[in-house]
Amino acid sequence: MNLLSARPHLLLMAFGLLFLGCKDAATLRQEEVARIAAAHELYTAELEMARAMFEAKYPTPQEFDYGTNGTLILREAEIAGLPGSEKLWIKFTFINQTGLSIPKTQVVLTLRDDENELEWSETMELVLPFALRLGHNSSYSSFFEMPLHGLHRKSDWSWRLDLVSERAEFPGTSTPH
């Protein structure tokens, strides 16, 4: 048998081996897709469970009295976002019930990883435009959207809201210069 007559047989064998190789690659891709889908379903189920536990632990609305700093009403609190990019979403309303005008207030959201004894915070300054002040019984509503970086997957994490207000002096009093 010469090389020219063997060529069709060699091409047929090469095509057969290539076809078998493609079939194995396709099977591997299907297995990989099935593995990824199963992992995603498990992660999504864990996320939904974490959301349900969070909502049961932190029902809303809740009111927090910070004395001379004012009052915060926690209107909504939830773990929001897509799997892999979860955030703690907090919607709140500050109410000035101090009897004084307030030039500005800071609301601080702190996340705590109890296992590693780590804390990190975001601060929001509540300030009215044109140097206006928050008068008695006035309110200011806003929200936080703070990345969790997987913290919600741990059982020993917590969060808190703190409030610090810069208050005006009582009427009739002044500080000597």
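Described below are features of the structure shown in this document. Here the residue numbers are simple positions, counted from 1 along each chain's written sequence. For this predicted model, a pLDDT threshold of at least 70 governs which residues receive local features, and a threshold of 80 or more governs which side-chain atom pairs are given and counted, while totals over whole chains, interfaces and linings are taken from all residues. No hydrogens and no water enter the side-chain calculation; it runs on all heavy atoms of the structure.

**Quick word on the sheet that holds strand 4 (residues 104-113)**
Within a sheet, neighbouring strands are paired by backbone hydrogen bonds and run either parallel or antiparallel to one another.
Now for step 1: Taken in spatial order, the three strands of this open sheet run 5-4-7, and their pairing is antiparallel. The sheet is open, and its two edges are formed by strand 5 (118-127) and strand 7 (157-166), each paired on a single side. Geometrically, the sheet is characterised by an average inter-axis angle of 15° between neighbouring strands, direction not taken into account.
Now for step 2: Relative to strand 7, strand 4 is paired through 10 bridges, and the arrangement is antiparallel. Two strands are said to pair when DSSP picks up at least two bridges between them. Counting from the N terminus, the helices are DSSP H or I runs at least four residues long and the strands are E runs at least two residues long. Lines fitted to C-alpha atoms define the axes here, with helix axes fitted over just the stretch in contact, and angles between the N-to-C directions of these axes take values from 0 to 180 degrees.

**Here we look at the sheet that holds strand 1 (residues 62-65)**
Now for step 1: Ordered in space as 1-2-3-6, the four strands form an open sheet in which the pairing is antiparallel. The sheet terminates laterally at strand 1 and strand 6 (139-147), the two strands that pair on one side only. Sheet twist, expressed as the average angle between the axes of neighbouring strands with direction ignored, equals 25°.

**Let's talk about the nonpolar core**
Now for step 1: Formed by 27 residues in total, the largest nonpolar core has its most connected members in Ile90, Trp159 and Leu161.
Now for step 2: Looking at this core, the elements with two or more residues in it are helix 1 (3-57), strand 2 (71-80), strand 3 (87-95), strand 4, strand 5, strand 6 and strand 7.
Now for step 3: Contact between two residues is taken to exist if any of their heavy atoms lie within 4.5 Å; hydrogens are not considered. Discounting chain neighbours no more than four positions away, the residues touching Leu161 are Tyr66, Leu72, Leu74, Ile90, Val107, Val108, Leu109 and Phe144. Remark: nonpolar core denotes a set of buried residues (Ala, Val, Leu, Ile, Met, Phe, Trp, Tyr, Cys) joined through side-chain atoms within 4.5 Å. Only protein chains enter the area calculation, which uses a 1.4 Å probe; residues under 20% of their type maximum are buried, those over 50% are exposed, and those in between are partly exposed.

**Structural notes on the packing of aromatic side chains**
Now for step 1: Two rings belonging to Phe, Tyr or Trp (six-membered ring only in the last case) form a pair when the distance between their centres is within 6.5 Å. Interplanar angles under 30 degrees mark stacking, angles over 60 mark edge-to-face geometry, and anything in between is tilted. Under the defined criterion, the tally for this structure stands at six aromatic pairs.
Now for step 2: Taking 5.9 Å as the distance between ring centres and 5° as the angle between the ring planes, the aromatic pair formed by Phe54 and Trp157 counts as stacked. Highlighted residues: Phe54 in helix 1 and Trp157 in strand 7, separated in sequence by 103 residues.
Now for step 3: Judged by relative accessible area, Phe54 falls into the buried class, the value being 4%.

Just distances and angles here, no functional claims.
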